[in-house]
Amino acid sequence: MNANQARRLVVLGTGGTIAGRATQANDNVGYVAGQVAVSDLVAMVPALAACPLDVEQVAQINSKDMVLGVWQSLAERVAEHLDRPEVAGIVITHGTDTIEETAFLLQTVLRPSKPVVLTCAMRPATALVPDGPQNLSDAVAVALQPDARGVVVVCAGRIHGADDVAKVHPYRTDPFDSGDAGPLGCVEEAQLRMFRPWPQAVPERTHDAPGLQRLLGADALPRVELIFSHANADGEVVRALLAHNPVARRLRGIVVAGTGNGTVHDDLLAALKQAQASGVAVVVASRCGQGRVVPHSGQPLPDSAGLSPVKARLALALQLLGI
Ligand code: SIN
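Everything quoted here is computed from the prediction, not taken from an experiment.

Points about the overall build of the protein
(1) Moving on: Across its full length, the protein holds nine helices and 13 strands.
(2) Moving on: For 323 residues, the compact-globule formula gives about 20 Å, and the C-alpha radius of gyration of the protein, at 20 Å, lands near that figure.
(3) Moving on: Residues counted as buried form 50% of the 323 residues belonging to the protein.
(4) Moving on: A total accessible area of about 14200 Å² is found for the protein, and carbon and sulfur atoms account for 51% of it.

Quick word on the pairing of strand 12 (residues 251-258)
(1) Moving on: Across the eight residues that make up strand 12, a large majority, seven, are buried.
(2) Moving on: Relative to strand 12, strand 11 (residues 223-228) runs parallel, the two sharing six bridges. Counterpart to Phe228 in the pairing with strand 12 is Ala257.
(3) Moving on: Of the crossover connections in this fold, the one passing from strand 11 over helix 7 (residues 236-243) to the parallel strand 12 is right-handed.
(4) Moving on: Note that the unit made of strand 12, helix 8 (residues 266-277) and strand 13 (residues 281-286) has a crossover that is right-handed.

What about the site of the ligand?
(1) Moving on: The full set of residues close to the ligand is Gly16, Thr17, Tyr31, Asn62, Ser63, Gly95, Thr96, Asp97, Ala121 and Met122.
(2) Moving on: The side chain of Ser63 places a nitrogen or oxygen atom 2.6 Å from an oxygen atom of the ligand.
(3) Moving on: Residue Asp97 places a main-chain N or O atom 3.0 Å away from an oxygen atom belonging to the ligand.
(4) Moving on: Expressed as a share of its isolated accessible area of 250 Å², the protein-covered part of the ligand is 96%.
(5) Moving on: Partitioned by chemical class, the residues of the shell around the ligand number three nonpolar, six polar and one charged.

As for the pattern of salt bridges
(1) Moving on: Tallying each qualifying case throughout the model produces 13 salt bridges.
(2) Moving on: Among the ionic pairs, Arg77 bridges to Glu56, the shortest N-O distance being 2.9 Å. Here the residue Arg77 occupies a position in helix 3 (residues 68-82), and Glu56 occupies one in strand 2 (residues 53-61), the gap between them amounting to 21 residues.
(3) Moving on: Across the pair Arg292 and Asp303 runs a salt bridge, and its minimum N-O distance is 3.8 Å.

Rules and cut-offs
- Residues numbered from 1 in each chain as written.
- Predicted model: local features only at pLDDT ≥ 70, side-chain atom pairs only at ≥ 80, totals over all residues.
- Heavy atoms only, no water.
- Helix = DSSP H or I, 4+ residues; strand = E, 2+ residues; numbered from the N terminus.
- Rg over C-alpha atoms; globule rule 2.2 N^0.38 Å.
- Buried < 20%, exposed > 50% of the residue type's maximum accessible area, 1.4 Å probe, protein only.
- Areas by Shrake-Rupley, 256 points an atom, 1.4 Å probe, with all protein chains shown as cover.
- Pairing = 2+ DSSP bridges.
- Right-handed = clockwise from strand over helix to strand, strands pointing away.
- Near = heavy atom within 4 Å.
- Polar contact = N/O pair within 3.5 Å; in protein donor to acceptor, adjacent residues only side chain to side chain.
- Nonpolar A, V, L, I, M, F, W, Y, C, P; charged D, E, K, R; others polar.
- Salt bridge = Lys/Arg side-chain N within 4 Å of Asp/Glu carboxyl O.

Here it is as structure tokens:
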């Protein structure tokens, strides 16, 4: 293998706004996501012409519609390519809306010792000034970094870790935040400036990872619902979930996005205790956009160990799957 082959990259397309198309170039919101082929996105970035690349379209969706089948195809393709010695890293184009969940899932099941870099855009490919090409170019710079590892999200010049990244703005071209942890680093003119270590990795062959095999073998993720505590909350939603609980889609868990330090309205808490008593796993996260539930001895429910509500929901589903 020569040095050029060892720096081979794989770009996997899944859709999103980065692949979106609008009828007017000045329309940054009324577009259809997941229209432009990933091979065409790659062709829009001249710097990528010099880079040995394999390009695959794994899906072509708006990421709000993410389903287990797409996650399985993506995880399987990522694992296959990571196991190729000549592949230095993987770039995934993805919608911004659930990118944090896909990144968390891939990091949880794979913990790759090579970089898996998800990137995206807030403006469609047809925009007057699309942000996708620069984000894709930055993602490639990260994926080619020799010491890079783990699953990260690259957007607007910042590198976010899979565990911390969250979409916090519906319109800005820099919509992500990594909360108190902050981004792992930034990309400036294809140069990386790191603030924190790369995510944890395991050296084993990726496609043999037991978590991956469990994910690929699943017909469905265990059913975990996400609800909020709020002023004037009652336990009706929980009681309705328990009352309508078909065997085929049995409720296995509930994550409640609690107020402040993971507190839950007394009336909702009573219903959640009822759910717990019937065998449903209940976890509390904080609905605050930053910080985490600070554990204390009087906690009525286990907390999400710092995960946001959406990631806590996915983490509990994966845990119930044995991952
Ligand atoms: C999506 O998540 O697929 C659409 C929204 C976006 O990419 O910004």
